[in-house]
Each structure stands twice: as C-alpha cells, then as structure tokens.
Amino acid sequence: MAFWSSTSVFTSKVPRKILFMFTLSLSVTYLFYSLMSCYNSFQFQENYVYQGRLVTEETTFVTLREKLYSSSSQVYLDEEFIDRTSTEQTIAVSSVRNSVGIDTRTAGWARAQAATTSSMMSRAAAAAGEHEHPEFSTTDSELRRAVNCTSDYGVKKLPQAIIIGVKKGGTRALLEALRVHPDVRAVGNEPHFFDRNYERGLDWYRELMPSTLEGQITMEKTPSYFVTNSAPKRIHSMARDIKLIIVVRNPVTRAISDYTQTLSKRPEIPTFEVLAFKNRTLGLIDASWSALRIGIYALHLESWMQYFPLSQMHFVSGERLIVDPSGEMAKVQDFLGLKRIVTDKHFYFNKTKGFPCLKKPEDSSTPRCLGKSKGRTHPKIDPDVIRRLHKFYKPFNMMFYQMTGQNFEWELEEHGNSPGSRD
Ligand SMILES: Nc1ncnc2c1ncn2[C@@H]1O[C@H](COP(=O)(O)OS(=O)(=O)O)[C@@H](OP(=O)(O)O)[C@H]1O
C-alpha cells in the first residue's frame, strides 16, 4: 500500500513532459540493444550457413575441408619415399601454413586439420631445417597456437581399409595418391602390426593412426601382410567388414624389383640368376626364395579368401597405376565409397623420374615424386631366366585371374608389350 501511494505521489509531482522523455530514452536504449544482438546472431549464422544451406558444425567442417583441399597442399610424411630437397620441403611446409591461415571462417576446421597434421608438420619442418621466412611469421605463429591448443580434435580410429600388398607392387604410390583425398587419413610409415607387432595390442595400433573427423577413412599400408599366414585371421578378428586393397604387379618384374632393393642394401649378395634356381641346369626354380614366393599370388590369396569375401577386396594393377594413375584411382575411390576427387588433374608425368608424380597446387611449382627407393634401375637379368620365370608363374597367374575375375595380362609382358613393362 505504502509503495503504491508513494508512486502515485511521485507521478503527480513530476511533470508529464519529463516522464515522457524518460520513457522515450528507455525505449531507444532497448531498441539499440535489440539491434546489436540481432547483428551478432547474423554474424554467428554466417559461420554455419554454407552455400545457402543451414548445416551442422560437423558438416560445415567436411564441406570446407573439401573446399580448402581443392586448393591446398599436403606434406608427405616419409622422407625415405619422397624426392624433395630441403628448399622444396620449406615451400611445402609454408604452403600448408598458408593454407591454414587463409580464412578466419575456416579457422575451426583449420585447427582440426592442424592437429592431425601437427606431427607431419614438425617432421617436415625439421627436415627442412625450419627455414623461417619473415613474410610467413604471422601465419606460422597462428598455426603453432592452433596446433598447440587443438591436439584433441578428431578421434583415432582403427583402420577401415588397409593396403595389404604386395611388396614392390606400387603400394606407396597408391597410398600417397589416396592421401590427396580429403576423406582419407593414413599413417605414413608401415605399422607392421599384424605381422611383427601384434603382441602390442590394438590400443597400440590405434594410437599410431592419425586423428580423423566424421566421414574420414583411416588407412594404413603394410605390404607384407599379404604373405603373412596369420594376418587374415587377425585382421578379421579386428574388423570383419574391413576393406582390403592389393596392388599386384607382374610377379617376374616384382621379383626383380625386390631383388634390386636388397642389392642396394647388400651389394655382396649373389646374382638374381643364382638365387632364382635350386638347380639351374635342371631348371629347378627356388620358389622358397622370398622374392619369388611373394609372386605366387593365387596361393596367398587363398588364405585371405577363407576369411573375407572378394567383395571386400580390391585389386589394383601396379602396371596401370603407372600408365593410367587416375583410371586406377577412380576404381579405388569407388571401392572405398569415396567421391572421385583424385583425378587426372592431380598427376603429371615426370620424364626425369620416369613415373607419374603428384602435382603441386597452383601456387607452387614443386613436384611431388616418390623418392629414390621407388623406380630404381633394375639390373639386367639373363633373358633366358626371365623366360623361365614367366613359364613358372603362368599357371599361378591364370589361377589368380580366375579367382579375382580380372586379367592382368602379364603374359603379354613376356613379349615386352604390356603397359608399365619396365624390364
Ligand atoms: N608414381 C610412381 N613413382 C614411383 N614408383 C612407382 C610409381 N607408381 C608405381 N611405382 C612402382 O612402385 C614400386 C615400389 O612399390 P612399393 O611402393 O609397393 O614398394 S614397397 O613394397 O613399399 O617397398 C616401384 O618399383 P621399382 O621401379 O622396382 O623401384 C615402382 O615401379
């Protein structure tokens, strides 16, 4: 009562004009704050609307990732496999840094990307000797901050697809081409989990994987799995629905490639011709020599078929991967359920290297060829030995074509007219 009576006293004593002015100023202030908060929510929405669609935070990341990847570069992890001078590496590191800092609206995604590429970055930067360019310093420090505070973006998952073989088939070239795809994240080195490190357990294996965002596939490659007896069962018990990729190459050329690699490390080993035979006069081939045994693909495939249907396996022709990389990549992307993003635009043929290499983004002319351990010059092998090996493999190859339903035409190579034939 007292309150009401004092209010009425107040209104009766204050002139009506002052009361009107007071009310008006209150209304204007209210209107001003309403407009301000509307503006903020417009700004907020801008982050979440992309191409006229209102999307969730996660899908925005995916879409922007696609957008950003179409114009940015990725750094290769493994110096052993990649031909790159330290200057080239510096440029590559810088271009990744640039791409990360290009747009504040993509900063969220960039931080996530930075987290998954942080180890990559530090290794590549270390390899490059951390040559700092003053003009990149702002971007560098922004990236470092981003890397430091976002290492928990994404989750580490067990692989959903593995390149299981074959050694010297072209597995590195395939993996590096796949890594261009924005929806593929792969571990750079070969984990050798299912053959050498199985006792370390699945948690150890998962920890090796890069973090992935929703919609990205985790991958690894270890070519020795294909010839490891215990690998099919072990992989099956980890993930029965896993996708398996096998890059196969003419077993004769593959054997020579394998031998060339060993020879480069141990020049004192006997000649290929000596190692290939138990008894050369009798024409008795030594199929227990690993360089030859690996090429009996039908034999190894049999043990995989006991655990996995063919629909979960994809065979890549190592020969076609050299002469038509985008054609083989289209099939691999289809198999993995990925959009065909890696196409002929991503490759060019490097005459010096004699192989297709990955193109650099438009803002750089640095090529991305595989390293010196890929595409070595093979020693000249006695043509008679080559002929005998072709004969040895022929029935196994036929069996392999039947099992896979694909003809890899390695018999044409005997006459030197097969695609990708190099011996
Ligand atoms: N783009 C490109 N660049 C370089 N090399 C290429 C490429 N595509 C396929 N190849 C062939 O890949 C062969 C090596 O195979 P892998 O990567 O599977 O080898 S390894 O098992 O990982 O050591 C390697 O074998 P060699 O030529 O005997 O060295 C190449 O012939």
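A brief report on the enclosed structure follows. No experiment lies behind these values; they were computed from the predicted model shown.

## Comments concerning the packing of helix α10 (residues 251–265) against helix α16 (residues 383–404)
The angle between the axes and the distance between the axes are what describe a pair of packed helices.
Right, on to step 1. Axis separation between α10 and α16 bottoms out at 9 Å; the angle between their running directions is 125°. One element, α10, and the other, α16, form an angle in the oblique class. Together, Pro251, Val252 and Ile256 of α10 and Ile386, Leu389, His390, Tyr393 and Asn397 of α16 make up the contact between the two elements.
Right, on to step 2. Here the contact of α10 with α16 is composed, by residue class, of six nonpolar, two polar and no charged.

## Brief notes about unusual backbone geometry
Right, on to step 1. Residue Gly165 is joined to Val166 through a cis peptide bond whose omega torsion reads -10°.
Right, on to step 2. Examined against the element boundaries, Val166 turns out to sit in the loop between β5 (161–165) and α7 (171–178).
Right, on to step 3. The residue His192 is not glycine, and still its phi comes out positive at about 50°.
Right, on to step 4. Here His192 lies in the loop between β6 (184–186) and α8 (202–208).
Right, on to step 5. The phi dihedral of Glu409 falls on the positive side, at around 55°, and the residue is not glycine.
Right, on to step 6. On the secondary structure map, Glu409 appears in the loop between α16 and α17 (410–413).

## Focus on the pattern of salt bridges
Right, on to step 1. Counted according to the given criterion, the structure contains 14 salt bridges.
Right, on to step 2. Its salt-bridge partner being Arg179, residue Glu176 comes within 3.0 Å of it at the nearest N-O pair. Judged on exposure class, the residue Glu176 and its partner Arg179 are both buried.
Right, on to step 3. Salt-bridge contacts for Arg266 lead to Glu268; the nearest nitrogen and oxygen are separated by 3.8 Å.
Right, on to step 4. Assessed through its relative accessible area of 61%, Glu268 is described here as exposed.

## Considering the nonpolar core
Right, on to step 1. Tyr225, Ile235, Trp304 and Phe400 are the most contacted members of the largest nonpolar core, which has 33 residues in total.
Right, on to step 2. Looking at this core, the elements that each hand over two or more residues are β5, α9 (231–238), β9 (243–248), α13 (297–305), β12 (313–317) and α16.
Right, on to step 3. Residues Val180, Val184, Val332 and Phe347 belong to the second largest nonpolar core, which totals 23 residues.

So, how was this worked out
Residues numbered from 1 in each chain as written. Predicted model: local features only at pLDDT ≥ 70, side-chain atom pairs only at ≥ 80, totals over all residues. Heavy atoms only, no water. Axes fitted to C-alpha atoms, helices over the stretch in contact; angles between N-to-C directions. Helix = DSSP H or I, 4+ residues; strand = E, 2+ residues; numbered from the N terminus. Parallel < 35°, antiparallel > 145°, perpendicular 65-115°, else oblique. Contact = heavy atoms within 4.5 Å. Nonpolar A, V, L, I, M, F, W, Y, C, P; charged D, E, K, R; others polar. Salt bridge = Lys/Arg side-chain N within 4 Å of Asp/Glu carboxyl O. Buried < 20%, exposed > 50% of the residue type's maximum accessible area, 1.4 Å probe, protein only. Core = buried A, V, L, I, M, F, W, Y, C linked by side-chain atoms within 4.5 Å.

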